[in-house]
Amino acid sequence: LRQHGRASGVDVQAVLRGGTLWCRRSEDGTFECEDLPASTRLDAFRLFHSGVPDETTGDMVSSVRALRDRDLVRVREAFATIEAATRDGHAALVGSDAAALVAIVRRAEAALETLGVVPEGVRASIRAIEAEGGAAKISGAGGRSGAGAGLVLVVHPDPAWHARFTPPAGWTAHNVRLGAEGLRMEVAA
């Protein structure tokens, strides 16, 4: 909340519930999450830290807000593209269609670049991943300058590609199990 003014609630739900969630705000403003099937192709994804962005989340939210004030059409189109990619990604995950995820992630990343939240060095690394048949997008607020944009999601439908993938200089792998169990409270008997 302190970073961007209004938390979505997704992070809290993900930690508490675990698994793979599809979260959205309904027309009446209610926050809803549904569990996706465990059969989703999470093996197509890897997470990397690209480096600490020069800007804070609050700076980036303010930057996008300022862009919206200058160029409402551009921001609306980018948000519409991201929303459509999110819906298509949901369908691809539910259908276990890892190959479709590459084009979907590329569309979302292109829209994020339109918003000015991906620094040049990270864009160059993403283009290199795309040249190898994969895709990548920032996940979080991103940055405008510097070498890092925080978390980057990398997708490739071939698990063997991930095994031989060498991350760009300055990127570190997050060795996490996507779709892991949520928070548990254990009480000693």
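Further up the page is the structure itself.
Residues numbered from 1 in each chain as written. Predicted model: local features only at pLDDT ≥ 70, side-chain atom pairs only at ≥ 80, totals over all residues. Heavy atoms only, no water.

## Regarding the nonpolar core
Alright, step 1. Among the nonpolar cores identified, the biggest contains 22 residues, and Val117, Val122, Ile138 and Val154 are the most heavily contacted of them.
Alright, step 2. Those elements that place two or more of their residues in this core are helix 2 (57–70), helix 3 (72–94), helix 4 (98–114), helix 5 (120–131), strand 4 (135–138) and strand 5 (151–155).
Alright, step 3. With sequence-adjacent residues up to four places away left out, Ile138 is seen in contact with Glu109, Leu112, Val117, Val118, Val122, Ala149, Leu151 and Val152.
Alright, step 4. The next biggest cluster of nonpolar side chains, apart from the first, holds 18 residues, and it includes Leu36, Leu42, Leu93 and Ala98. (Core = buried A, V, L, I, M, F, W, Y, C linked by side-chain atoms within 4.5 Å. Buried < 20%, exposed > 50% of the residue type's maximum accessible area, 1.4 Å probe, protein only. Helix = DSSP H or I, 4+ residues; strand = E, 2+ residues; numbered from the N terminus. Contact = heavy atoms within 4.5 Å.)

## Quick look at the state of the cysteines
Alright, step 1. The full count for this structure, using the stated rule, is one disulfide.
Alright, step 2. Covalently, Cys23 is tied to Cys33 through a disulfide, its sulfur atoms 2.3 Å apart. Every disulfide takes its handedness from the sign of the S-S torsion; for Cys23 and Cys33 that torsion is 105°, giving right-handed. Highlighted residues: Cys23 in strand 1 (residues 21–25) and Cys33 in strand 2 (residues 31–35), separated in sequence by ten residues. (Disulfide = S-S within 2.5 Å.)

## Side note on the packing of aromatic side chains
Alright, step 1. In total, this model carries three aromatic pairs according to the counting rule given.
Alright, step 2. Ring centres of Phe48 and Trp171 lie 6.1 Å apart, and the angle between their planes is 45°; this geometry places the pair in the tilted category. Note that Phe48 is positioned in strand 3 (residues 45–49) and Trp171 in the loop between helix 6 (159–164) and strand 6 (172–174), a separation of 123 residues in sequence.
Alright, step 3. Exposure remark for Phe48: the relative accessible area of 5% places this residue in the buried category.
Alright, step 4. Taking the relative accessible area as the measure of exposure, Trp171 reaches 8% and is therefore buried.
Alright, step 5. For the pair Trp161 and Phe165, a centre-to-centre distance of 4.6 Å together with 25° between the ring planes defines the contact as stacked. (Phe/Tyr/Trp six-rings, centres within 6.5 Å; stacked < 30°, edge-to-face > 60°.)

## Observations regarding the pairing of strand 5
Alright, step 1. For strand 5, the tally of buried residues reaches four of five residues, placing the bulk of the element in the interior.
Alright, step 2. As paired strands, strand 3 and strand 5 are joined by five bridges and run antiparallel to one another. By the bridge assignment for strand 5, His49 is matched with Leu151.
Alright, step 3. The pairing of strand 4 with strand 5 spans four bridges and is classified as antiparallel. Residue pairing in the sheet places Ala136 in a bridge with Val154 of strand 5. (Pairing = 2+ DSSP bridges.)

## Observations regarding the environment of Gly179
Alright, step 1. Among the secondary structure elements, Gly179 is positioned in the segment after strand 6.
Alright, step 2. The class of Gly179 is partly exposed, set by a relative accessible area of 31%.
Alright, step 3. Between the C-alpha atom of Gly179 and that of Val12, which follows or precedes it by 167 residues, the distance is 14 Å.
Alright, step 4. Sequence-distant contacts of Gly179, defined by excluding residues within four places in its chain, comprise Gly19, Thr20 and Leu42.

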